[in-house]
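Take a look at the letters that make up each chain.
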Amino acid sequence: MTDIWYNETLYRSWGQRFAITRELARVRSSFQDIAIFESEFHGRIMTLDGIVQITERDEFVYQEMLAHVPILAHGSAESVLIIGAGDGGVLRRVLMHGNVTRAVMVEIDGEVIRLSKEFLPKIAGNAWTDARAEIIVGDGIDYVQRAQDTSFDVIIVDSTDPIGVGEVLFTDDFYRNCARILTDRGVIVNQCGVPFMQSAELHETSVRRKRFFPDVTAYIVAVPTYIGGFMTLGWAGKDASLTTVPASLIAARARQSGILGQTSYWTPEIHVSAFVLPPYIARHLP
Ligand code: SAM
């Protein structure tokens, strides 16, 4: 039993703390302060600039919903772009889908990838060496500016919050280019904060997405270590039918791709119900 605590610094008026047994790494990269701890209950934890990004104990919740929902809603996604997600957890889930022939991951900070490979190997598993994966160390905004028109079916933005290096991933320029490089049924999803504490993030980014996509909404996920209740994942698509696919069809697609029964949070019913938003969240959508 340790009496060493890690206090998260995200909010001035509310926080959480983790009983930790030891610090495994602490690196000041060109972009951020990266720390990885061993904790008593949550397994290994990575923080960036003091903010919890991922814990081994609950990473499945967030990664499954960020990856499986857009891919199974689309139904025939072959080319997926992942921005951020340096821990590799989203990449691993994307590559579980047999239809996916190309997964490009653009992470700005190579140190996050290096440290994740060394200290959080279970999160990415074998994703790093999958022949369909292309790992690029670079800025997501630069990548989407240069990418070809209609070159991706799904874009998944697993970034830090819109402060610092993550800020460019919440701008008009970014969404304009994402709309250009997505195919005609394409969709982009992005981590959009915990509205109970960060409602401006959901509102402001949804208003921006509405300028470039006809179908803008959000879906919710209950990530234990993203404190404040439901986390929202922003949704912006070119085809409104993707958010109304019945659970039976989602299940059939999941069975066909081998996902069904391989998840611990996502299910076809959770997928469909995640788009039913409580009023305190829905009111922040345009
Ligand atoms: N799951 C976490 C969450 O919801 O807070 C995010 C995890 S992931 C570690 C966030 C990643 O986004 C970081 O590794 C960070 O380096 C990366 N990132 C931030 N800004 C970026 C940008 N402009 N281009 C590419 N990656 C970026």
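Quick caveat, the model's predicted, so the values are computed rather than measured. (Residues numbered from 1 in each chain as written. Predicted model: local features only at pLDDT ≥ 70, side-chain atom pairs only at ≥ 80, totals over all residues. Heavy atoms only, no water.)

Participant: Please provide a residue-by-residue account of the pattern of salt bridges, values included.
Facilitator: Inspection of the entire model under this criterion finds 16 salt bridges. Ionic pairing is found between Glu59 and Arg93, a salt bridge with its closest N-O pair at 3.0 Å. In this pair, Glu59 is assigned in helix H1 (residues 59–74) and Arg93 in helix H2 (residues 89–94), connecting sequence segments 34 residues apart. Relative accessible area serves as the criterion here: at 5%, Arg93 is assigned to the buried category. Residue Asp172 is joined to Arg208 by a salt bridge in which the shortest nitrogen-to-oxygen separation is 3.0 Å. With Asp172 in helix H6 (residues 172–181) and Arg208 in helix H7 (residues 195–210), this residue pair connects regions lying 36 residues apart in the sequence. (Salt bridge = Lys/Arg side-chain N within 4 Å of Asp/Glu carboxyl O. Helix = DSSP H or I, 4+ residues; strand = E, 2+ residues; numbered from the N terminus. Buried < 20%, exposed > 50% of the residue type's maximum accessible area, 1.4 Å probe, protein only.)

Participant: Help me get a handle on the nonpolar core, residues and values and all.
Facilitator: Nonpolar side chains tend to gather and get buried jointly when the protein is soluble and globular. Ranked by internal contacts, the top residues of the largest apolar core, which has 47 residues, are Leu91, Val94, Ile156, Tyr219 and Trp235. If you tally residues by element for this core, the top one is H1, at 9 residues. Counting 23 residues, the second largest nonpolar core, distinct from the first, contains Val104, Ile141, Phe174 and Ala236. (Core = buried A, V, L, I, M, F, W, Y, C linked by side-chain atoms within 4.5 Å.)

Participant: Run through the packing of H1 against helix H8 (residues 247–257), naming residues and quoting values.
Facilitator: In a pair of packed helices, the angle between the axes and the distance between the axes together describe the arrangement. Packing of H1 against H8 brings their axes to within 9 Å, and their N-to-C directions diverge by 105°. Between H1 and H8, the interaxial angle falls into the category roughly perpendicular. For the pair H1 and H8, the contacting residues are Leu72, Ala73 and His74 in the first and Ile250, Arg253, Ala254 and Ser257 in the second. Class assignment for the residues of the contact of H1 with H8 results in 4 nonpolar, 2 polar and 1 charged. (Axes fitted to C-alpha atoms, helices over the stretch in contact; angles between N-to-C directions. Parallel < 35°, antiparallel > 145°, perpendicular 65-115°, else oblique. Contact = heavy atoms within 4.5 Å. Nonpolar A, V, L, I, M, F, W, Y, C, P; charged D, E, K, R; others polar.)

Participant: Report on H6, specifying residues and quantitative values.
Facilitator: Because an α-helix packs 3.6 residues into every turn, residues spaced three or four apart end up facing the same way. For H6, the tally of buried residues reaches 7 of 10 residues, placing the bulk of the element in the interior. When H6 is considered as a whole, its buried residues turn out to be Asp172, Phe174, Tyr175, Asn177, Cys178, Ala179 and Ile181. On its buried face, H6 is in contact with strand S6 (79–84), helix H5 (140–146), strand S9 (152–158), strand S10 (182–191) and H7.

Participant: Residue-level account of the layout of surface pockets, with values.
Facilitator: Approximately 640 Å³ is the volume attributed to the largest pocket. Lining the largest pocket are 43 residues, with Leu48, Gln53, Ser159, Thr160 and Asp161 positioned closest to its centre. A total of 4 residues in the lining of the largest pocket trace back to one element, the largest contributor, which is strand S5 (residues 51–55). Broken down by class, the residue content of the lining of the largest pocket amounts to 21 nonpolar, 15 polar and 7 charged. Split by domain, the lining of the largest pocket shows at least three residues from each of two domains, domain 1 (5–55) and domain 2 (59–282). (1 Å grid on protein atoms, 1.4 Å probe; cavity = no way out; pocket = protein on both sides within 12 Å on 5 of 7 lines; lining within 4 Å. Points joined across faces, edges and corners; volume = space filled by probe spheres on them. Domains from an automatic or database assignment.)

Participant: Would you mind going over the pairing of S6 in detail, with residue names and values included?
Facilitator: Along a regular strand, successive side chains alternate from one face of the sheet to the other. Across the 6 residues of S6, 6 count as buried, placing the element largely inside the fold. Summarising the sheet, S6 and strand S7 (residues 102–107) pair through 5 bridges and their orientation is parallel. Bridging across to S7, Ile83 finds its partner in Val106. Handedness of the S6-H2-S7 crossover: right-handed. Here 5 bridges tie S6 to S9, and the two strands are oriented parallel to one another. Along S9, the bridge assignment pairs Ile83 with Val157. (Pairing = 2+ DSSP bridges. Right-handed = clockwise from strand over helix to strand, strands pointing away.)

The analysis is restricted to geometry; functional conclusions fall outside its scope.
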